[in-house]
Amino acid sequence: MDRRINTDVVIATRNRRDELLRTVRNLLDLRPPPRIVVVDNASTDGTAEAVAELHPRVELIRAPHNLGAAARNLGVLSCRAEHVAFSDDDSWWEHDALPRAEHLFAAHPNVGLIAGKTLVGELERTDPVNDLMARSPLQSSAELPGPRVLGFTACAAVVRRRAFQEVGGFDPMLFFGAEEKLLACDLAAAGWELVYAEDVVAHHHPSDARLSRSEREALELRNNLLISWMRRSPSAAASETLRALRRSRPAVAGALRRFPMAMRRRRRLPRRVERELTAVESQTS
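Here is a short report on the structure shown in this document. (Residues numbered from 1 in each chain as written. Predicted model: local features only at pLDDT ≥ 70, side-chain atom pairs only at ≥ 80, totals over all residues. Heavy atoms only, no water.)

Observations regarding helix H4 (residues 97–107)
To keep things clear, this is the line we draw: Partly exposed residues are those whose accessible area sits between 20% and 50% of the maximum for their type, while under 20% is buried and over 50% is exposed, using a 1.4 Å probe and protein chains only. In DSSP terms, a helix is any run of H or I states spanning at least four residues, a strand is any run of E spanning at least two, and both are numbered starting from the N terminus. The directions considered for the arc are those from the helix axis to the C-beta atoms. Whether two residues touch is decided by their heavy atoms; if any such pair falls within 4.5 Å, the residues are in contact.
When we look at burial in H4, the residues that qualify are Ala97, Leu98, Ala101, Glu102, Leu104 and Phe105. Burial along H4 is one-sided: seen end-on, the buried residues are contained in an arc of 165°. When the buried face of H4 is taken as reference, the exposed residues oriented beyond 90 degrees from it are His103 and Ala106. Buried residues in H4 make contact with strand E1 (7–13), strand E4 (83–88), strand E5 (91–93), strand E6 (111–120), strand E8 (157–160) and strand E9 (193–204).

In structure tokens, the structure reads:
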């Protein structure tokens, strides 16, 4: 009999039926097997029907419309385990990743999120984000299990469910793109540590059914601007606005349409987190 695991896996998906089914099969092969929650973002390709028919053990939640990244919040609401691992419909966890993450959480009660190492494609190339997190400029402590970070890749992250719910999860206003950055900032502002653990491994086989690079960059630019308005100092927000204007006026226009909503969500970061976010951004500029 498999021993129990205290981590549920949440997957948000839309119109990637075959890739999702592959991911679910890989996750069900883990030992011990986690409980899996699939949130279908109003797919039109029979995704929900296929999951219900082929994997009745998987909990299926049908979103009324496409919620984007915030669909993960619905999945977390139905979780019962102490920890939640996120997978995308084109990613899954290495066989020992979730037990390793649980061990780190148990040993470090101040850690709210573990950012895992991502291996990409059949050749298992190392995602460049791994190196950035490993070389994080943030001051760390020997008591932590890895470098402190202020960002992560959602499909390679495990959270303490209590921490995730405490800060409200992924903001639905962003829909998609840079949603991890805002959640990371909110967790840090609430006093939780985020760390990179290279022995907690996820596999990502990027789907062909995805936005183009230019479309993704435009969404990330828009959302980074919204995040600066919601959380950054006035000077940092002004600087981000000027940079965005030089790069893409349509992205700025998209952000401006959401400006009133962003202001209702404004909650300035503590100065410590603001300084650390500036340091992280300088690393990639």
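Things to note about the layout of surface pockets
Let me state the cut-off plainly: The method works on a 1 Å grid over the protein atoms by themselves. A cavity is a set of points holding a 1.4 Å probe that cannot get out, a pocket is an open set with protein on both sides within 12 Å along at least five of seven lines, and residues with an atom within 4 Å of a point line them. Grid points are joined across faces, edges and corners, and a volume is the space filled by probe spheres set on the points. Each residue is assigned to one of three groups, with Ala, Val, Leu, Ile, Met, Phe, Trp, Tyr, Cys and Pro labelled nonpolar, Asp, Glu, Lys and Arg labelled charged, and all others, Gly among them, labelled polar.
As a volume, the second largest pocket reaches approximately 210 Å³. Contributing to the lining of the second largest pocket are twelve residues, with Arg4, Ile5, Asp8, Arg35 and Ala81 lying nearest its centre. Here the residues of the lining of the second largest pocket sort into five nonpolar, two polar and five charged.

Observations regarding the packing of helix H8 (residues 213–231) against helix H9 (residues 234–247)
Geometrically, a packed helix pair is captured by the angle between its two axes and the distance between the axes. Threshold: Helix axes use the C-alpha atoms of the stretch in contact, all axes being lines fitted to C-alpha atoms, and the angles between their N-to-C directions lie in the range 0 to 180 degrees. When describing relative orientation, an angle under 35 degrees is termed roughly parallel and one over 145 degrees roughly antiparallel, while 65 to 115 degrees is termed roughly perpendicular and anything else oblique. Crossings are assigned a handedness: left-handed for a near helix turned anticlockwise from the far helix by less than a right angle, right-handed for a clockwise turn.
Packing of H8 against H9 leaves a shortest axis separation of 9 Å and a crossing angle of 165°. Taken together, the axes of H8 and H9 lie roughly antiparallel to each other. Seen along the crossing, H8 lies across H9 with a hand that is left-handed. Across the interface between the two elements, Leu221, Asn224, Leu225, Ser228 and Trp229 of H8 pack against Ala237, Glu240, Thr241, Ala244 and Arg247 of H9. A per-class count over the contact of H8 with H9 returns five nonpolar, three polar and two charged.

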